[in-house]
Amino acid sequence: MNYFKIALLEGDGIGPEIMREAVKVLRLVEERNDVIFELTDAPFGAGAYFTCGHPFPEETQAICDEADAILKGPIGLSHEESQKIPVDMQPERAALLPMRRRYNTFANFRPVSLPRGLAHFSPLKPEIIGDGIDLIIVRELVGGLYFGEKEVGVNEQGLRYVKESLEYDEEQIRRILHEAFKLAMRRKKVLHNIHKSNVLKSSVLWNEVLEEVAADYSDVEVRHILVDAAATLLCLDPGQFDVMVMENMFGDILSDQGGGILGSLGLMPSACKGPEKSYYEPSHGSAPDIAGQSIANPYSMIGSVAMMLEDSFAMTMESKNVWSAMQSVFADGYSTPDLSKPGGSVTMIKTAEFGDRVIESLRSMPTG
Ligand code: IPM
Ligand code: MG
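What counts, and where the lines are drawn
- Residues numbered from 1 in each chain as written.
- Chains lettered and ligands numbered in written order.
- Predicted model: local features only at pLDDT ≥ 70, side-chain atom pairs only at ≥ 80, totals over all residues.
- Heavy atoms only, no water.
- Near = heavy atom within 4 Å.
- Polar contact = N/O pair within 3.5 Å; in protein donor to acceptor, adjacent residues only side chain to side chain.
- Areas by Shrake-Rupley, 256 points an atom, 1.4 Å probe, with all protein chains shown as cover.
- Helix = DSSP H or I, 4+ residues; strand = E, 2+ residues; numbered from the N terminus.
- Nonpolar A, V, L, I, M, F, W, Y, C, P; charged D, E, K, R; others polar.
- Axes fitted to C-alpha atoms, helices over the stretch in contact; angles between N-to-C directions.
- Parallel < 35°, antiparallel > 145°, perpendicular 65-115°, else oblique.
- Left-handed = near helix turned anticlockwise from the far one by under 90°.
- Contact = heavy atoms within 4.5 Å.
- Phe/Tyr/Trp six-rings, centres within 6.5 Å; stacked < 30°, edge-to-face > 60°.
- Buried < 20%, exposed > 50% of the residue type's maximum accessible area, 1.4 Å probe, protein only.
- Domains from an automatic or database assignment.
- Buried area = accessible area lost by both parts, 1.4 Å probe.
- Salt bridge = Lys/Arg side-chain N within 4 Å of Asp/Glu carboxyl O.

S.K.: Describe the site of ligand 1, naming the residues involved and giving the relevant values.
M.R.: Around ligand 1, the neighbouring residues are Glu92, Leu96, Arg100, Arg110, Arg139, Tyr146 and Asp252. Within the contact set of ligand 1, an oxygen atom lies 2.7 Å away from a side-chain nitrogen or oxygen of Arg100. Asp252 has a polar side-chain atom sitting 2.9 Å from an oxygen atom of ligand 1. Notes on ligand 1: free accessible area 320 Å², of which the protein chains cover 76%. Counting residues per element, the shell around ligand 1 draws most heavily on helix α5 (residues 91–102), at three residues. Across the shell around ligand 1, the residue classes break down as two nonpolar, no polar and five charged.

As structure tokens, then:
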């Protein structure tokens, strides 16, 4: 019997609604397998700031430190509501980035995946989608501009200025590239290296390190693409991509574009891997505009559970089952109002019913 501790950080906005469905799935996985999950809820995000005075309270840090893995919901408030929180206490800056730093979760995996049967979700034309979209963005998550030194002030001409630095050392670059090459080895053995070496020195170093690392993976074909060109190609011909690797900010932007070509960021779960601990989260925000209405699709949260099962608990088969269960609900013609418009052949259901249908489908699958 395996025993794993999971910290549950439901977050803000639609977080609690979609987390509830993810917990149902975890409980069923427990029932179906030789495993026990000890689930501990902990406050995190804007709500935690209002109730505990900090968006990443010490008690939450302690629970996360103890956990084998962390399942995190989306955080943040609407722009107006955010203004009620001092800038340095806003959850993106004071909870999410510190969590990434605390657990050194340098490798972020964001699958951009849409099986053919769900092609109608995508805004891309059927002839572009072909057999569906199935690529994965590997984003460096604890370096670069988001973590560099920041300076704000008034310069000698009396003008307000800002300076933010983008720093990487070769080791930070090497470790994320190893992750990307290893993934490429397990998939189609093609790695797209996304960079901007025609302008940025950081990309020049990145590419130098890539040449060194590539020597260990001679079976993998590397294709180099400038980040701006990659943005276009993601729309025009996503089928050419399989594993794409890039630094932090490029990955932030292109992964949202990934959500765009799928038709919704709601279809984007992710895994954030550190040397000792990983955490799992939807790639999207807390969608305050639809919070509390039970119309948010829990796909990204349940997909994050699927990624957790595979990456943290080596439950590969059950992870695949969870993915298939979710896809079967769409394939059966059900969807939620955040993803689909009423009418046509889609039967509109609510968040909890989507979760229930995933459960029903998973229950019918063989284990082992
Ligand atoms: C993401 C988010 C975060 C990021 C924000 C909320 C700080 O956009 O996970 O992509 O920029 O990394
Ligand atoms: Mg983002």
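S.K.: So what's going on with the packing of helix α1 (residues 15–32) against helix α13 (residues 351–363)? Residues and values would help.
M.R.: It is at 9 Å that the axes of α1 and α13 come closest, and there the two elements cross at 15°. By the angle class used here, α1 and α13 are roughly parallel. For α1 against α13, the interelement crossing comes out right-handed. Within the contact between the two elements, α1 uses Glu17, Ile18, Glu21, Lys24, Val25, Leu28, Val29, Glu31 and Arg32 and α13 uses Thr351, Ala352, Gly355, Asp356, Val358, Ile359, Leu362 and Arg363. Of the residues in the contact of α1 with α13, the class split is eight nonpolar, two polar and seven charged.

S.K.: Break down the packing of aromatic side chains for me, citing the residues and quoting the values.
M.R.: Enumeration over the complete set of coordinates arrives at 11 aromatic pairs. Between Tyr299 and Trp323, the ring centres sit 6.2 Å apart and the planes meet at 55°, which makes this aromatic pair tilted. With Tyr299 in helix α11 (residues 299–311) and Trp323 in helix α12 (residues 316–331), this residue pair connects regions lying 24 residues apart in the sequence. Side by side, Tyr299 and Trp323 carry an identical accessibility label, which is buried. Geometrically, the ring pair formed by Phe330 and Phe354 is tilted, given 5.0 Å between the ring centres and 55° between the ring planes. Highlighted residues: Phe330 in helix α12 and Phe354 in helix α13, separated in sequence by 24 residues. Since its relative accessible area comes to 5%, Phe330 is described here as buried.

S.K.: If you had to explain the domain arrangement of the chain to someone new, which residues and values would you point to?
M.R.: In terms of domain boundaries, the chain breaks down into domain 1 (1–105 + 274–368) and domain 2 (110–141 + 168–268). In this structure, domain 1 and domain 2 have C-alpha centres spaced 24 Å apart. Each partner contributes to the interface: domain 1 provides 17 residues, whereas domain 2 provides 15 residues. Taken together, both faces of the contact between domain 1 and domain 2 bury some 1400 Å²; the carbon and sulfur share is 60%. Three residues, Arg100, Ser283 and Leu339, lead the burial of domain 1 against domain 2; their summed loss comes to 35% of the area buried on that side. Our enumeration of links across domain 1 and domain 2 arrives at one salt bridge. A salt bridge links Glu281 to Arg110; its shortest N-O distance comes to 3.9 Å. Summed over the shared surface of domain 1 and domain 2, the number is four residue pairs in polar contact (both at pLDDT 80 or more). For the side of domain 1 that touches domain 2, the secondary-structure elements that each account for two or more residues are β12 (278–282), α11 and α12. Among the residues forming the side of domain 1 that touches domain 2, the class breakdown is seven nonpolar, eight polar and two charged.

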